[in-house]
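# Chain and residue survey
Take a look at the letters that make up each chain.
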Amino acid sequence: LIGDLGAQIDPDPDPDPDLEPNSGGHEPTPSFTGGCFHKDPRHQERQSLPLNQVVNWLSESIRTSSSSYATAPPTAALLEAHTVAESAWRDFFEHADVGARMACRGTGGRGGPTGALTLWGNGWTSQRYREQFHIVMGDVDAQPFPSQRVRDLTIALAEQLKKIASMLLANIAPEAESARLVAEAEHGDPSVMDMFFYFNTPTIVALKDMDTPVEVLNMGDHVDPGLLTLKMCSSIPGLEVLIDDQWVSVEGCTANNDPRHLVVLGAEQLATLTNDAMVATRHRVVHATDGARVSLVFELRTHSDFL
């Protein structure tokens, strides 16, 4: 795993005066120890970085990663937006009654200026191991929100994540970002924002032809269909990524075990547009014993006709 994120980022055009300078004016190189990401010791007390440094760091990390996976401290604005949105959604998932949940169901169908946006699964849904609230960025009001406040906090967070995703894609695959912007202007934005609530109730099942019962995952291993998936680490662990045939805990591998880090995963459209020069990051969600898990996830997508 050594070197999977071991790239030097580009010099920042507007360097942060709080950072101790080093040779060449570069950000210190991220590194792996036992599969875990660690910041330079001079940064261990820092909870955020300027936007250009975040994007540069992530760009170089993804370019050199065998799994197209990267993590970095967030911007201060993103950290604040995520903190308040996560709290609001936890309150909804833990305290809203059945009627309030059902009132947030979507109607499905198509949306956007040309009807190109698929709204299937919008709003609140309940599955066996989790609840979910799903929105399409090009038609954010296709379903009711729990409240105007929750709507505003969610859109503010999604816009922060989309801005970083757009800048990041422009760095690592500029032609893909140009095509995405053209498609979005014509047909609307198919990117999605999902709020997940994992119950974290372990379920043990005995599968046919297996001698030993196995624990069912919160979400089995998979890759996402879009361009890039961005999320902040959750306060409750569970996300794992596959790196060099090893499952690595994301929340357990940030510097000082700080959960407030930004995570980026490559997805299938990115792999297609780069001819697999960048791959879709395989990941899963396992059970944790720390309580229910809230995970707020943004996925940058483009229309399939532009692939």
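Up top is the structure these notes are about.
Scope of this entry: the structure provided in the associated data block.

Conventions used here
Residues numbered from 1 in each chain as written. Predicted model: local features only at pLDDT ≥ 70, side-chain atom pairs only at ≥ 80, totals over all residues. Heavy atoms only, no water. Helix = DSSP H or I, 4+ residues; strand = E, 2+ residues; numbered from the N terminus. Buried < 20%, exposed > 50% of the residue type's maximum accessible area, 1.4 Å probe, protein only. Contact = heavy atoms within 4.5 Å. Areas by Shrake-Rupley, 256 points an atom, 1.4 Å probe, with all protein chains shown as cover. Polar contact = N/O pair within 3.5 Å; in protein donor to acceptor, adjacent residues only side chain to side chain. Salt bridge = Lys/Arg side-chain N within 4 Å of Asp/Glu carboxyl O. Expected span 1.5 Å × (residues − 1). Pairing = 2+ DSSP bridges. Axes fitted to C-alpha atoms, helices over the stretch in contact; angles between N-to-C directions. Phe/Tyr/Trp six-rings, centres within 6.5 Å; stacked < 30°, edge-to-face > 60°.

## Section: the overall build of the protein chain
The helix and strand tally for the protein chain stands at six helices and 17 strands. Each of the 307 residues in the protein chain was classed as buried or not, and the buried ones make up 52%. If you take every contact in the protein chain between residues at least 6 apart in sequence, the share linking residues at least 24 apart comes to 74%. Of the roughly 13,500 Å² of accessible surface on the protein chain, 50% is carried by carbon and sulfur atoms.

## Some details on the side chain of threonine 154
The topology assignment puts threonine 154 in helix H4 (residues 148–172). Polar side-chain contacts of threonine 154 include one of 2.7 Å to the backbone oxygen of valine 150. Not counting chain neighbours up to four residues away, the residues in contact with threonine 154 comprise Trp89, Ile135, Phe145, Met193 and Met195.

## So, the pattern of salt bridges
Following the criterion strictly, the structure yields 13 salt bridges and no others. Across the pair lysine 162 and aspartate 189 runs a salt bridge, and its minimum N-O distance is 2.8 Å. Residue lysine 162 is located in helix H4, and its partner aspartate 189 is located in the loop between helix H5 (174–187) and strand E8 (192–198); the two are separated by 27 residues in the primary sequence. Both residues of the pair, lysine 162 and aspartate 189, belong to the buried class. For arginine 180, the salt bridge is made with glutamate 184, and the minimal N-O distance between the two is 2.6 Å. Of this pair, arginine 180 and glutamate 184 both sit in helix H5, four residues apart, which is roughly one turn of the helix. What you see here is one network of salt bridges that share partners, running through Lys162, Glu177, Arg180, Glu184 and Asp189.

## A short note on helix H2 (residues 76–95)
Helix length check: H2, at 20 residues, gives a terminal C-alpha distance of 29 Å against a target of 28 Å (1.5 Å per residue), a fit within 8%. Among the residues of H2, those classed as buried are Leu78, Leu79, Ala81, His82, Ala85, Glu86, Ala88, Trp89, Arg90, Phe92 and Phe93.

## Brief notes about the environment of arginine 101
Relative to the helices and strands, arginine 101 is located in helix H3 (residues 98–102). Measuring from C-alpha to C-alpha, the distance between arginine 101 and glutamate 131 comes to 10.0 Å, with 30 residues separating the pair along the chain. Those residues in contact with arginine 101 that sit more than four places away from it in its chain are Phe92, Phe93, Glu94, His95, Ala96, Trp124 and Glu131.

## Thoughts on the sheet that holds strand E13 (residues 239–243)
Reading across from one edge, E11-E16-E13-E14 is the order of the four strands in this open sheet, with antiparallel pairing throughout. The open sheet is flanked by strand E11 (219–222) and strand E14 (246–249), the only strands paired with a single partner. If you compare each strand with its neighbour and ignore which way they point, the axes differ by 20° on average. Pairing analysis gives two bridges linking E11 to strand E16 (residues 283–285), with the strands arranged antiparallel. Its bridge partner lying in E16, histidine 222 is registered against histidine 283.

## Remarks on the packing of aromatic side chains
Applying the stated criterion across every chain yields a total of eight aromatic pairs. Centre to centre, the rings of tryptophan 89 and phenylalanine 133 are 4.8 Å apart; their planes meet at 45°, and the pair counts as tilted. Placement of tryptophan 89 in helix H2 and of phenylalanine 133 in strand E7 (residues 130–136) is noted, with a sequence separation of 44 residues between them. Phenylalanine 133 matches tryptophan 89 in its accessibility class, with the two residues each being buried.

## Things to note about the sheet that holds E8
Spatial ordering of the open sheet is given by E3-E15-E12-E17-E8-E7-E6, a layout of seven strands whose pairing is antiparallel. Each edge of the open sheet carries a strand with a single partner, namely strand E3 (69–72) and strand E6 (123–126). Put simply, the sheet's adjacent strands are angled 20° from each other on average, direction ignored. Direction of pairing for E6 relative to E7: antiparallel, over a ladder of four bridges. Among the inter-strand pairings, threonine 125 is bridged to a residue of E7, identified as glutamine 132. Along the sheet, helix H1 (residues 51–64) contacts E3 and strand E15 (262–266); its crossing angle with E3, the most-contacted strand, is approximately 155°. Sheet contacts for H4: E7, E8, strand E12 (228–232), E15 and strand E17 (293–300); angle to E17, the most-contacted strand, approximately 45°.

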